[in-house]
Amino acid sequence: MNNLFANIPRDLPEELCETLARSDAVHIERIVSRGHVSPEQFWYDQERNEWVLLVQGAARLAFADGHEVRLGPGDWLLIPAHQKHRVAWTDPQAETVWLAVHYARQ
């Protein structure tokens, strides 16, 4: 058995992204942030839909259309393929743990 909160390094110079499961149809990953944000002019523009659950911590996602979404523990969001978004803020004092599920467009 594995644990979503296990093996988080004390030092996180970069956001930690780990694949938990993968197939042709779906990719599940654990992401751990501690104050990490996307570069200022960078936008994710993904080929697949992304369902993201914030398990622990706090974060804010920004979207290219100008709106932002605050996420706390238990909050989840569906980001359709090609909806440009970025991580605008994560808690610098604690780990923010995400579960992201990427799946094929219908």
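Given the structure is predicted, the values throughout are model-derived calculations rather than measurements.

1. Points about the sheet that holds strand E7 (residues 85–90)
Here's step 1: Read across the sheet, 3 strands follow the order E5-E4-E7 without closing on themselves; strand pairing throughout is antiparallel. Pairing within the sheet leaves two strands with one partner each, and these edge strands are strand E5 (68–71) and E7. Neighbour to neighbour, the strand axes of the sheet diverge by 25° on average, direction disregarded.
Here's step 2: Bridge analysis of strand E4 (residues 59–63) against E7 gives 5 bridges, and the strand direction is antiparallel. Along E7, the bridge assignment pairs Ala-59 with Thr-90.

2. What to know about the side chain of Arg-30
Here's step 1: Tracing the sequence through the fold places Arg-30 in strand E2 (residues 26–33).
Here's step 2: Here Glu-18 takes part through its side chain, which lies 2.4 Å from a polar atom of the side chain of Arg-30.
Here's step 3: When neighbours within four sequence positions are excluded, Arg-30 is seen to be in contact with Asn-3, Leu-4, Phe-5, Ala-6, Asn-7, Ile-8, Leu-16, Cys-17, Glu-18, Leu-20, Val-97 and Trp-98.

3. Digging into the pairing of strand E3 (residues 49–56)
Here's step 1: In this sheet, strand E8 (residues 96–103) lies alongside E3 in antiparallel orientation, the contact comprising 7 bridges. Across the sheet, Val-52 pairs through a bridge with Ala-100, a residue of E8.
Here's step 2: Across 4 bridges, the pairing between E3 and strand E6 (residues 76–79) is antiparallel. Residue pairing for E6: Val-52 is matched across the bridge by Leu-77.

4. Here's the deal with the sheet that holds strand E1 (residues 16–22)
Here's step 1: The strand order E1-E2-E8-E3-E6 describes an open sheet built from 5 strands, whose pairing is antiparallel. Two strands close off the open sheet at either side, each with one partner strand: E1 and E6. Between one strand axis and the next, the sheet turns through 20° on average, direction left out of account.

5. Focus: the side chain of Asn-49
Here's step 1: Here Asn-49 is to be found in strand E3.
Here's step 2: For Asn-49, the side chain forms a polar contact with the main-chain nitrogen of Ala-81, separated by 2.9 Å.

6. Side note on the UniProt feature "domain: Cupin type-2" (unreviewed entry) in the chain
Here's step 1: Feature annotation in UniProt assigns "domain: Cupin type-2" (unreviewed entry) to the following positions: residues 46–101.
Here's step 2: Its end C-alpha atoms 12 Å apart, residues 46–101 is made of 0% helix and 59% strand.

7. A few points about the nonpolar core
Here's step 1: Ranked by size, the top nonpolar core spans 13 residues in total, and within it Leu-61, Phe-63, Leu-71, Leu-77, Ile-79 and Trp-98 carry the most contacts.
Here's step 2: When residues of this core are traced back to their parent elements, those giving at least two are E3, E4, E5, E6 and E8.
Here's step 3: Broken down by element, the residue count for this core peaks at 3 residues, all from E4.
Here's step 4: Aside from chain neighbours lying at most four places away, what touches Leu-77 is Glu-50, Trp-51, Val-52, Leu-61, Phe-63 and Val-69.

About the cut-offs
Residues numbered from 1 in each chain as written. Predicted model: local features only at pLDDT ≥ 70, side-chain atom pairs only at ≥ 80, totals over all residues. Heavy atoms only, no water. Pairing = 2+ DSSP bridges. Helix = DSSP H or I, 4+ residues; strand = E, 2+ residues; numbered from the N terminus. Axes fitted to C-alpha atoms, helices over the stretch in contact; angles between N-to-C directions. Polar contact = N/O pair within 3.5 Å; in protein donor to acceptor, adjacent residues only side chain to side chain. Contact = heavy atoms within 4.5 Å. UniProt positions renumbered as here; feature names shortened; annotations may be inferred. Core = buried A, V, L, I, M, F, W, Y, C linked by side-chain atoms within 4.5 Å. Buried < 20%, exposed > 50% of the residue type's maximum accessible area, 1.4 Å probe, protein only.

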